[in-house]
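Here is how the chains run, residue by residue.
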Amino acid sequence: MGETAHDHHQPPPPQAAAAAAPPPPPSLALSRGPTWTPAEQLQQLQYCIHSNPSWPETCLLAFQHYIVMLGTTVLIARYLVPQMGGRPGDTAHVIQTMLFMTGINTLLQTIIGTRLPTVMGPSYAFVLPVLSIIRDYNNESFSNEHDRFAWGNLTRFLSPITVVPVVSLVGLGLFMRGFPLLASCVEIGLPMLILLIICQYLKNLHPGAHPVLERFGLLVCVGIIWAFAAILTVSGAYNNVKQQTKQSCRTDRSYFISSAAWVKIPYPFQWGAPIFRASHVFGMIGAALVSSAESTGTFFAAARLAGATHPPAHVLSRSIGLQGVSLLLDGIFGAAVGTTASVENVGLLGLTHIGSRRVVQVSTAFMFFFSIFGKFGALFASIPLPIFAAIYCVLFGIVAAVGISFIQFSNNNSMRNHYVLGLALFLGISIPQYFVSNTTGDGHGPVRTDGGWFNDILNTLFSSPPTVAMIVGPLLDNTLESRQTINDRGIPWWKPFQNRKGDVRTDEFYSMPLKINEWMPTRFL
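Residues numbered from 1 in each chain as written. Predicted model: local features only at pLDDT ≥ 70, side-chain atom pairs only at ≥ 80, totals over all residues. Heavy atoms only, no water.

A. View of the overall build of the protein. Along its length, the protein carries 23 helices and 2 strands. For the protein, the proportion of its 525 residues judged to be buried stands at 54%. Counting only contacts in the protein whose residues sit at least 6 apart along the sequence, the fraction spanning at least 24 positions is 85%. For the protein, the exposed area adds up to about 23,400 Å²; of that, 65% sits on carbon and sulfur atoms. (Helix = DSSP H or I, 4+ residues; strand = E, 2+ residues; numbered from the N terminus. Buried < 20%, exposed > 50% of the residue type's maximum accessible area, 1.4 Å probe, protein only. Contact = heavy atoms within 4.5 Å. Areas by Shrake-Rupley, 256 points an atom, 1.4 Å probe, with all protein chains shown as cover.)

Below is the structure:
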């Protein structure tokens, strides 16, 4: 018998068989479910930054933005004005002034600043320096700040890893304005929080209810609980309770409506000629730095929730410089505190799924109207603060979650990244908590040297969670194995946004309107 062709093929030698690598095991992740690639822009928005709802919807959404920003304005005014010796009428006047300046600063920021849909409201960062001024003068005197256009250079030291704690702590760092404030009148605040959560379930019961409850559910909840609080007040439920409970729960204890003027237009130097002292200016510098850090984190969140790309460095420089101009205007008009980007209004973009710039710009019309016609504005300013606290529990949480989402652009499995992120997050919460818990009611913080201005700067800086995170995070990220871990840090994704022409979509979202860039100095664009 002859040999077949197959007989000439010899089996491989044992050494060669052993050297052959076995096939790689199948990925367990693929067998357990799908994976998601990083997304620079959110795809679930109904309207993004340059698309607009119908005009009736725009007006309702704008009014909702006005209601949301009102809580912080009232809270700051009710805290500071009585310590100046002011009466309810003075508090109402300060609220009107802050509303008016919020409208001006918001228009400036959305037109020639970042152009993101952010409300520029009053900042808590200025409370400590203002308390220091109150201690020195025992009357109302406000300082102002100068603008700086180099902030974008500092943001070049950020990366996706360091943006996570900064943006997350912009929301989480305000936890004292959440449930602790809600608990001051739990019979009003808790139903408000529960109703807000229930709305997320109710919108899925009927197709017609979905857009209404998703976009205007917050307004509906405020109306229901405010009416409930009014019924409790009229029925005498708070007649025999402590004074603090009356202040928190009753709808008639602010006395804003009876003391507010029918018509009053804020004007420059309405409180008299300003008084300057060098120590106060230094204190305001610390507050301005904190406000800049907090606004930067808020702008990152706003860009994501508006469907825009990450704001480039030159846009952040432009916005923070304009914020300095806003602080100067705040001082001229006599607003009690300076300006920062409103975290709660950015959270509202995520709650409603509407990131339209026009909606925020239209909201300034409500701010101007209610700041001039005081009686009407005082009506909404009398909403009990625990209702706003319940809203903040939801909106601040959304902003914190948006901050966490930035980790998708870096290596989630890097132990080095875990170290940097964990330490920045923990110290960003722990250090400010120490400073806040050791600050007295009149503004004396734990740093108490002979230099009052030095005390104000340090106490203000280290009382802000985003500011501490912006110090600790970039310091670690740029010194700890930074060159060897460029890819793990997400620098290839981050770097294009540091250049003016690094991303082709930048002009779509951040270019100036009406050819303003043709006459504006290049360094400001």
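B. Representation of helix 10 (residues 209-234). Helix length check: helix 10 (26 residues) gives 32 Å between terminal C-alpha atoms against 38 Å at 1.5 Å per residue, more than 12% under. Residue Phe216 marks the point of greatest curvature in helix 10, where the axis turns by about 75°. (Expected span 1.5 Å × (residues − 1). Bend = angle between axes of the 7 residues up to and from the residue.)

C. A look at the side chain of Asp477. Mapping Asp477 onto the fold places it in helix 21 (residues 465-477). Setting aside anything within four residues of it in sequence, one finds Asp477 in contact with Ser159, Ile161, Thr162, Arg416, Val420, Ser482 and Arg489.

D. The layout of surface pockets, seen in detail. Here the largest pocket defines a volume of roughly 1,400 Å³. Considering the residues around the largest pocket, the lining is formed by 49 residues, among which Tyr124, Val127, Met176, Arg177 and Val436 are closest to the centre. Within the lining of the largest pocket, the residues separate by chemical class into 26 nonpolar, 19 polar and 4 charged. Estimates place the volume of the second largest pocket at around 430 Å³. Contributing to the lining of the second largest pocket are 17 residues, with Leu42, Gln44, Arg304, Leu305 and Ser405 lying nearest its centre. (1 Å grid on protein atoms, 1.4 Å probe; cavity = no way out; pocket = protein on both sides within 12 Å on 5 of 7 lines; lining within 4 Å. Points joined across faces, edges and corners; volume = space filled by probe spheres on them. Nonpolar A, V, L, I, M, F, W, Y, C, P; charged D, E, K, R; others polar.)

E. Inspection of the packing of helix 7 (residues 160-172) against helix 13 (residues 278-305) at higher detail. At a closest axis distance of 8 Å, the pairing of helix 7 and helix 13 adopts a crossing angle of 95°. The orientation of helix 7 with respect to helix 13, classified from their angle, is roughly perpendicular. Taking contact as the criterion, the partners of Val163, Val166, Val167 and Val170 in helix 7 are, on helix 13, Glu294, Gly297, Thr298, Phe300 and Ala301. Residue composition of the contact of helix 7 with helix 13, by class: 6 nonpolar, 2 polar and 1 charged. (Axes fitted to C-alpha atoms, helices over the stretch in contact; angles between N-to-C directions. Parallel < 35°, antiparallel > 145°, perpendicular 65-115°, else oblique.)

F. Structural view of the UniProt feature "transmembrane region" (unreviewed entry) in the protein. When the UniProt feature table is mapped onto this chain numbering, "transmembrane region" (unreviewed entry) sits at residues 63-81, 157-175, 182-203, 215-238, 359-381, 387-407 and 419-437. As annotated, residues 215-238 comprises 83% helix and 0% strand, and the C-alpha atoms at either end are separated by 34 Å. Between the first and last C-alpha atoms of residues 419-437 the distance is 27 Å; the span itself is 100% helix and 0% strand. (UniProt positions renumbered as here; feature names shortened; annotations may be inferred.)

G. Spatial organisation of the packing of aromatic side chains. As enumerated under the stated definition, the model contains 23 aromatic pairs in all. The interplanar angle of 40° and the centroid separation of 6.1 Å between the aromatic rings of Phe369 and Phe376 together place this pair among those described as tilted. Cluster of aromatic residues (ring-pair linked, three or more members): Phe63, Tyr66, Trp226, Trp262, Phe366, Phe369, Phe370, Phe373, Phe376 and Phe380. Directly above the ring of Phe406 sits Arg304, whose terminal nitrogen or CZ lies 5.7 Å from the centroid. (Phe/Tyr/Trp six-rings, centres within 6.5 Å; stacked < 30°, edge-to-face > 60°. Lys NZ or Arg CZ within 6 Å of the ring centre and 35° of its normal.)

H. Broad picture of the side chain of Thr298. Residue placement: Thr298 occurs in helix 13. Within the local environment of Thr298, its side chain forms a polar contact with the backbone oxygen of Glu294, the two atoms lying 2.8 Å apart. Excluding residues that lie within four positions of it along the chain, Thr298 makes contacts with Val170, Ala341, Ser342, Val343 and Val346. (Polar contact = N/O pair within 3.5 Å; in protein donor to acceptor, adjacent residues only side chain to side chain.)

I. Representation of the state of the cysteines. Scanning all chains against the criterion turns up 1 disulfide. A disulfide bridge connects Cys185 with Cys249, and the sulfur atoms are separated by 2.0 Å. When the S-S torsion is 125°, as for the bridge of Cys185 with Cys249, the disulfide is right-handed. With a gap of 64 residues between them, Cys185 in the loop between helix 8 (179-182) and helix 9 (186-202) and Cys249 in helix 11 (residues 243-249) connect regions that are remote in the sequence. Both residues of the pair, Cys185 and Cys249, belong to the buried class. For Cys199, which is in no disulfide, the shortest distance to another cysteine sulfur is to Cys221 and amounts to 3.5 Å. (Disulfide = S-S within 2.5 Å.)

J. Main features of the environment of Gly502. The residue Gly502 is located in the loop between helix 22 (491-494) and helix 23 (506-510) in this model. Sequence separation of Gly502 and Pro312 is 190 residues, and the distance between their C-alpha atoms is 8.6 Å.

K. Expanded view of the packing of helix 10 against helix 15 (residues 343-352). With their axes 8 Å apart at the nearest point, helix 10 and helix 15 run at an angle of 135° to one another. Classified by the angle between their axes, helix 10 and helix 15 sit oblique to one another. In this structure, helix 10 contributes Glu214, Arg215 and Leu218 to the contact, and helix 15 contributes Leu348, Leu351 and Thr352.

L. Representation of the pattern of salt bridges within the structure. Within the structure shown, the criterion is met by 5 salt bridges. Of the charged contacts, one joins Asp252 and Arg250 as a salt bridge, the two residues approaching to 2.9 Å between their closest N and O atoms. Residues joined by salt bridges that share partners form a network here, namely Arg416, Asp477 and Arg489. (Salt bridge = Lys/Arg side-chain N within 4 Å of Asp/Glu carboxyl O.)

M. Spatial organisation of the nonpolar core. Counting residues in hydrophobic clusters, the biggest one holds 113 residues, and the most contacted among them are Tyr66, Leu80, Ile188, Met192 and Phe406. In this view, Met192 contacts Leu218, Cys221, Val222, Ile225, Ile387, Ala390 and Ile391; residues no more than four positions away in its chain are not counted. Among the nonpolar cores identified, the runner-up in size contains 6 residues, and Val420, Ala424, Val468 and Leu476 belong to it. (Core = buried A, V, L, I, M, F, W, Y, C linked by side-chain atoms within 4.5 Å.)

N. Examining the confidence of the model for the protein more closely. Looking at the protein as a whole, the pLDDT averages 85, with 88% of positions reaching at least 70. Across residues 14-19 the pLDDT falls below 50, and counting only partners more than four positions away or on other chains, this stretch makes 0 contacts in the model. This stretch, residues 139-149, has a pLDDT under 50; its non-local contacts, to residues over four places away or in other chains, come to 36 contacts. (pLDDT = per-residue confidence, 0-100.)

O. Fine view of a nonpolar patch on the surface. Residues Phe179, Val186, Leu190, Ile194, Ile198, Leu202 and Leu205 make up a contiguous nonpolar surface patch of about 600 Å² in total accessible area. By residue number, the principal contributor to the nonpolar patch is helix 9, which donates 5 residues. Relative accessible area serves as the criterion here: at 35%, Ile198 is assigned to the partly exposed category. (Patch = residues over 30% accessible without salt bridge, like charges linked within 9 Å, V, L, I, M, F, W, Y side chains within 5 Å.)

P. View of unusual backbone geometry. Even without being a glycine, His353 presents a positive backbone phi close to 65°. Inspection of the secondary structure puts His353 in the loop between helix 15 and helix 16 (357-372). For Glu481, which is not a glycine, the phi torsion comes out positive at approximately 50°. Tracing the backbone shows Glu481 in the loop between helix 21 and helix 22.

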